[in-house]
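# Close look at the chain arrangement
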Amino acid sequence: MKASERRLIMILVVLAAVCGGVVLSQRLLSMQHGIERREQTLELRQMEAQALLAETDLWQQRLEWLQVSQPPMSSENEASQELLEGLLTSAAAQGLVVQKKQLHEPVSEKFYREVGVTLTVKGGLPAVFRWMHQILSPESFCVVTELKVVPDSADPASVVATIHFSRLHAPAMAESSR
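Now for a quick tour of the structure. All of these numbers come straight from a predicted model, not from anything done at the bench.

### Some thoughts on the sheet that holds strand β4 (residues 159–169)
- If you trace the 4 strands from one edge of the open sheet to the other, you get β1-β2-β4-β3, paired in antiparallel fashion. Two strands close off the open sheet at either side, each with one partner strand: β1 (97–108) and β3 (142–151). Averaged over neighbouring strand pairs, the angle between their axes works out to 10° when direction is ignored.
- Pairing geometry for β3 and β4, over 9 bridges, is antiparallel. The residue of β4 that forms the bridge with Val144 is Phe165.
- Along the sheet face, helix α3 (residues 76–93) touches β1, β2 (113–123), β3 and β4 and points at about 25° away from the line of β2.

Put into structure tokens, the structure is as follows:
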């Protein structure tokens, strides 16, 4: 082998080693970035877990309040009627006119049982929102899952609001342990 051929082979070996080193370093950098991302994710999870653990007493108190305060459901029909009658009475007290009412199928979930009513009421905007605010206290376990408010075409001082109210009751498993 001539000296020029040896030099050419050496250059080729050096180039192959450099290219191999570049490819290998790129893969190692990519792996390092992946490891750093996973490390950051784990640090975030750890911080979230520590924050949740710091709030354990607060959430325990909330759970105890729920277990004591959330009303059990005697029967789905009675619960639906009770919700409807309470809403109708409070709407009349606020001077609202109930144009339409509709009961919904009760829903049973693991942590609650839900009954629902959709009411279409007519009245002044402040009266409608005052009425909703009065109903939506934490102690009532009522929530609004849908709300649509439109101006009344016949009376510009009034609005027509379609509101879906739901009341959350204690889950079935909690009732049996009481």
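### Observations concerning the side chain of Ser140
- Relative to the assigned elements, Ser140 resides in the loop between α4 (125–135) and β3.
- Here the side chain of Ser140 touches Ile135 through a polar contact of 2.7 Å, landing on its backbone oxygen.
- Excluding residues that lie within four positions of it along the chain, Ser140 makes contacts with Ile135 and Arg167.

### A few points about the pairing of β2
- Most of β2 is tucked away: 10 of the 11 residues are buried.
- With 9 bridges connecting them, β1 and β2 associate as antiparallel partners. In the sheet register, Lys100 faces β2, and the bridge partner there is Thr120.
- Between the antiparallel neighbours β1 and β2 lie 4 residues.

### Details of the pattern of salt bridges
- Tallied over the entire structure, the rule returns 3 salt bridges.
- The partner of Arg113 in a salt bridge is Glu76, with the nearest N and O atoms 3.9 Å apart. With Arg113 in strand β2 and Glu76 in helix α3, this residue pair connects regions lying 37 residues apart in the sequence.
- Under the relative-accessibility criterion, Arg113 is labelled buried at 15%.
- Between Asp152 and Lys122 there is a salt bridge, with the nearest N and O atoms lying 2.8 Å from each other. Within this pair, whereas Asp152 is found in the loop between β3 and β4, its partner Lys122 is found in strand β2, the two being separated by 30 residues in sequence.
- Judged by its relative accessible area of 12%, Asp152 falls in the buried class.

The rules behind these values
- Residues numbered from 1 in each chain as written.
- Predicted model: local features only at pLDDT ≥ 70, side-chain atom pairs only at ≥ 80, totals over all residues.
- Heavy atoms only, no water.
- Pairing = 2+ DSSP bridges.
- Helix = DSSP H or I, 4+ residues; strand = E, 2+ residues; numbered from the N terminus.
- Axes fitted to C-alpha atoms, helices over the stretch in contact; angles between N-to-C directions.
- Contact = heavy atoms within 4.5 Å.
- Polar contact = N/O pair within 3.5 Å; in protein donor to acceptor, adjacent residues only side chain to side chain.
- Buried < 20%, exposed > 50% of the residue type's maximum accessible area, 1.4 Å probe, protein only.
- Salt bridge = Lys/Arg side-chain N within 4 Å of Asp/Glu carboxyl O.

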